[in-house]
Every structure is written in C-alpha cells, then in structure tokens.
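# Fold and geometry: a report
One letter stands for each residue in the lines below.
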Amino acid sequence: MTLSPARVPGTGPGSGPAVRRLTATLYGYAFLDDFVLLYPVYALLFSDTGLTVWQISSLFCLWSLTGVLLEIPSGAWADAVSRRLLLWFGPLLTAAGFTLWVLAPSYWAFALGFVLWGAKGALGSGALEALVYEELDRLGAADRYGAVMGRARAAGLVAVMAAMPLTGPVYAFGGYPAVGLASVLACLLTAATATRFPEHREPAGAAKDVDACREGPGDGTGEGLGDTVSNTSGDGWARTLRAGLAEARGNRSVRGALLLVPAVTAVWGALDEYTPLLVRDTGVEESTVPNWLLLIWAGATVGGLLAGAGRRLGTGGFAGLLAVSAVALAAGAWVRTPAGIGLVALAFCGFQLASVLADARLQDRIGGTGRATLTSVAGVGTDLTTIAVYGAYGVIGSATTHGAAFALFAVPYLVTAALLAVVGKGAGEKRTGGRRAARAARTSGSRARP
C-alpha cells in the first residue's frame, strides 16, 4: 500500500483554492515565525544580566548542538506522525523559552530556553519542507515548490527587517518584558497559523498497522488491536528512519543532493552572524550599521523571490551561480568600503537562491516515504558545517580582518562550483553520447530495411 498522497485529478500548477490556501498559510507561518522582536536584543539581554562573552558563546553552542542531536530523530518522527502537529507544537516550545528569559533571566534559564528553541527548529526542519512538497505534488503543482519556498524564505527575511525598527519603541515602552511579550505573542500566532496547514497523507506505518489489525488474529473482538496501536508511534519512527537512510545509501542522486544542501547553505548562513562586524570595518558610523545590514538582507530576500525563475537552471547554470556569488562576496568584502557591501548583498542574493534550489533538488529526488527524515539529514549536515565555520572564523577572524576572512570563505563555493561544473559536463557528454548512439541505431536500422 502506497503512503504517498494521491494526486488530485484536474488540477494544474498554481490553480485552485487548495494551492492558494497552502501557500497563504505557508507565507503567513514563515513571516510570523521570524517576526520576533527579541532577535535584535537577546544578546544585549544576556549581557545586561551579567553573562560573560564565554557564557554567551556557550549558549550559542548549546543551541546548535540541540539542533544537531534532535534533527534526524525529529525528521523520522515527522514521517511517522502528523507533520502539521510538529509545526504547531514547535512554536509553543519557543514561546515557553522566551517567557523564561524575561521572567527569570539567568544563565540556566537562557540555556533551557535555547534547548527549547533548538528543539522547535528541529521539529520544523524537514517537516515543513516535506508537508509543502507533498501537498503541492498531490495538487499537481510540485514544480512550483522552489518558487513557493523561495517566497516563504523571503517572507521570513521581511519579517526580520520589519521587527528591527519596532524593537526600539517597544523596548523604550516596557523594556525586555514588553519585547519578550511581543515575541511570545508572535510564537502563539505562528502555532495558530500552523493548524491551518492542509495535510492529506497517511503517517508512515499507519496503513501497515491497519492491515495487520485486519489480517491478524481476529475473533471479532478486536483483540490485539491495542498492542498494534500502542506500538504504532515507536515502530513507525524506527521504520521511517531506516527507510529514509536506506534510500540515501542506495540512491546516488539522493546522496549528491544531500551533500549539496550543506555545501551551499552552511557557509553563508554562518557568515551572516558576522556581517555587522564586516560592515563596521568599512568605516561607516556605528549608528548606520543596521541600515547597511538591511541592504544585505534585502539582497537575500530578492534571492528567495528569484527561485521560480532559477528553477530552470541546469547543473552548469547552478555552478555558474555559485561562482559569480563567490566572486562577488570576495570582492565586496576585500575592498573594505561601504560600496563593497552592495557586492556582499549581491552575493547573499545568489547564495539564498542557490540554497532554495538545492533544497528543491533534494525534494525532487526523494522518492520514498522518508522525505522529512532525509531533509533532516541534510539539516544535520548544515548544522555541523555551520559549527565548523564558526570555529574556523574564530581562528581566521582573530588573525586577520573581517574582510579578508569573508573573502577566504568564498573559496569553498568556488570549489563546489568547480565540482558541479565537472559533474554537469560529464552528464552532458553522456546525454550527447546517448543521442548519437540512438541516431546511429536509427540510421543502421533504416539501411537494413529491404
């Protein structure tokens, strides 16, 4: 029995109220999820509470480590149970963490809050992508996934930019408690919005369990049904985890897509945390740094909006996108002038576009029931690579300027682009050889006819 959602006949890409409901819910969810007024000031909250730089850094490491440990188990869980359930439950965890931060500010309250925040991220990572892709696929609009997710990421960035100017007035009105309350309300609205997601799928293992109930010992009393149902969650979780990992091992295309996601996403995602330092090193006034950061985030937003058009890029075009973005990053950071920030914004535009396209490629190549599991595997790779970049930047940034460090981190993208170019060239030669062989066979066949 297939566990994939059946396609709805008579529907086309982008048509019908079902697609509009899905995309509207997704965009609202993405916006509210990032419309958190605590984002610009939580580091200040930690410092004002008396935490040292080392303690603040340890909180960030705990946050990342929580995501790494929970990413794959939560992805398998999303394949075994309702993905919508995880999407509305996760923001409630973040709301609880933010409440702790402002009501009982202390190192351990901050630590617990980051654990809850990391758990929320793990629950949503994989579950959201899998739900959206399979619902679009059911409606005959799977080819729109890249464009839809690109707009969703853009909505999240717009939310961050919208929250920044509001944080100051709210903080002036009521301090950290007011900012925390606004952030908790945003989390609650995010959870409420998640309940509007459509989900037409049978959790992995459910169909098998139902069949087992029908085919098992049946005396008409339903004996054995309780045991089957009680084991559904645990057995389904383990089964989907094994199935997802088996698909990655047995499918070279899936493995390549899994590796591409962290290769594209992790470096620029980590560098984003250091962009204020890069901007300040250009010599601009301290008060104007947020304005230059808005330019960089605007570039990333445009990259998300271009995902629909970028979907037509082949492997060679994707490699070219990475190469151009890497050169723009290196040049813009190296010159250490405000004008160079425009090139950094252009680079972030390309990297955001490439990140969305890499995710879309992965979703297109997954054919089994472990979609959320495999997406979470890619997320773990991204998290681990991001942590490595943090460590490397700490060493490099201490020994040189931030501009030089940013320029150096453009090298991994040039290497990835070169590898993709080789792969694309090999695939092109294979296709060309296949077409020549087919033409030769047709010619030979026509000559052999009497």
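All values derive from a computational prediction rather than experimental measurement.

## What to know about the pattern of salt bridges
What the rule picks out here adds up to three salt bridges. With a shortest N-O distance of 2.9 Å, Arg 83 and Glu 134 are connected by a salt bridge. Taken together, the positions of Arg 83 in helix H4 (residues 83-103) and Glu 134 in helix H6 (residues 127-138) put the pair 51 residues apart, joining distant regions of the chain. Across this residue pair, the class does not change: Arg 83 and Glu 134 are buried.

## Some points on the environment of Phe 351
Looking at the secondary structure, you find Phe 351 in helix H16 (residues 338-365). A relative accessible area of 0% means that Phe 351 is categorised as buried. Sequence-distant contacts of Phe 351, defined by excluding residues within four places in its chain, comprise Val 264, Trp 268, Leu 322, Ser 325, Ala 326, Leu 329 and Tyr 413.

## A word on a nonpolar patch on the surface
Together, Phe 89, Leu 92, Leu 181, Leu 185 and Leu 188 line one region of the surface with nonpolar side chains, adding up to about 430 Å² of accessible area. Counting residues per element, the ones that place at least two in the nonpolar patch are H4 and helix H7 (145-194). Sort the elements by how many residues they give to the nonpolar patch and H7 lands first, with three residues. You can see Leu 181 is positioned in helix H7.

## Focus on the environment of Lys 120
Relative to the assigned elements, Lys 120 resides in helix H5 (residues 107-124). Judged by relative accessible area, which is 13%, Lys 120 ranks as buried. A C-alpha to C-alpha distance of 6.2 Å links Lys 120 and Pro 91, two positions 29 residues apart in sequence.

## What about unusual backbone geometry?
Of note in the backbone geometry, Arg 336 takes a positive phi value of approximately 55° without being a glycine. Here Arg 336 shows up in the loop between helix H15 (315-334) and H16.

## Observations concerning the nonpolar core
In terms of nonpolar packing, the biggest core is built from 84 residues, with Val 132, Phe 197, Phe 318, Leu 322 and Leu 329 touching the most fellow members. In terms of residue count, H16 provides more of this core than any other element does, 12 residues in total. Counting 24 residues, the second-largest nonpolar core is a separate cluster that includes Leu 45, Phe 98, Tyr 176 and Val 184.

## As for the side chain of Thr 193
Mapped onto the elements, Thr 193 comes out in helix H7. The exposure class of Thr 193 is buried, given its relative accessible area of 18%.

## Some remarks on the packing of H4 against H6
The geometry of H4 relative to H6 is characterised by a closest axis approach of 9 Å and an angle of 135° between their N-to-C directions. If you check the angle between H4 and H6, you find them oblique. Where H4 crosses over H6, the handedness of that crossing is left-handed. Residues Arg 83, Arg 84 and Leu 87 of H4 touch H6, and the partners they reach there are Ala 127, Leu 128, Ala 130, Leu 131 and Glu 134.

## Observations concerning the environment of Leu 305
Residue position: Leu 305 is located in helix H13 (residues 289-305). The exposed category is assigned to Leu 305, whose relative accessible area is 52%. Note: C-alpha distance between Leu 305 and Val 148 (157 residues apart in sequence) is 8.7 Å. Not counting residues up to four positions away in its chain, the partners in contact with Leu 305 are Gly 150, Arg 151 and Ala 154.

## A look at the packing of aromatic side chains
Two aromatic rings are characterised by how far apart their centres lie and by the angle between their planes. The full count for this structure, using the stated rule, is 24 aromatic pairs. An angle of 65° between the planes, with centres 6.0 Å apart, marks the rings of Trp 101 and Trp 117 as edge-to-face. Pair noted here: Trp 101 is in helix H4 and Trp 117 is in helix H5, with a separation of 16 residues, a long-range link. Ring centres of Trp 268 and Phe 348 lie 5.3 Å apart, and the angle between their planes is 75°; on these two criteria the pair is classed as edge-to-face. Here Trp 268, found in helix H11 (residues 252-271), pairs with Phe 348, found in helix H16; they are 80 residues apart in sequence, far enough to count as distant. Side by side, Trp 268 and Phe 348 carry an identical accessibility label, which is buried.

About the criteria used
Residues numbered from 1 in each chain as written. Predicted model: local features only at pLDDT ≥ 70, side-chain atom pairs only at ≥ 80, totals over all residues. Heavy atoms only, no water. Salt bridge = Lys/Arg side-chain N within 4 Å of Asp/Glu carboxyl O. Helix = DSSP H or I, 4+ residues; strand = E, 2+ residues; numbered from the N terminus. Buried < 20%, exposed > 50% of the residue type's maximum accessible area, 1.4 Å probe, protein only. Contact = heavy atoms within 4.5 Å. Patch = residues over 30% accessible without salt bridge, like charges linked within 9 Å, V, L, I, M, F, W, Y side chains within 5 Å. Areas by Shrake-Rupley, 256 points an atom, 1.4 Å probe, with all protein chains shown as cover. Core = buried A, V, L, I, M, F, W, Y, C linked by side-chain atoms within 4.5 Å. Axes fitted to C-alpha atoms, helices over the stretch in contact; angles between N-to-C directions. Parallel < 35°, antiparallel > 145°, perpendicular 65-115°, else oblique. Left-handed = near helix turned anticlockwise from the far one by under 90°. Phe/Tyr/Trp six-rings, centres within 6.5 Å; stacked < 30°, edge-to-face > 60°.

This is a description of form; function is not addressed.
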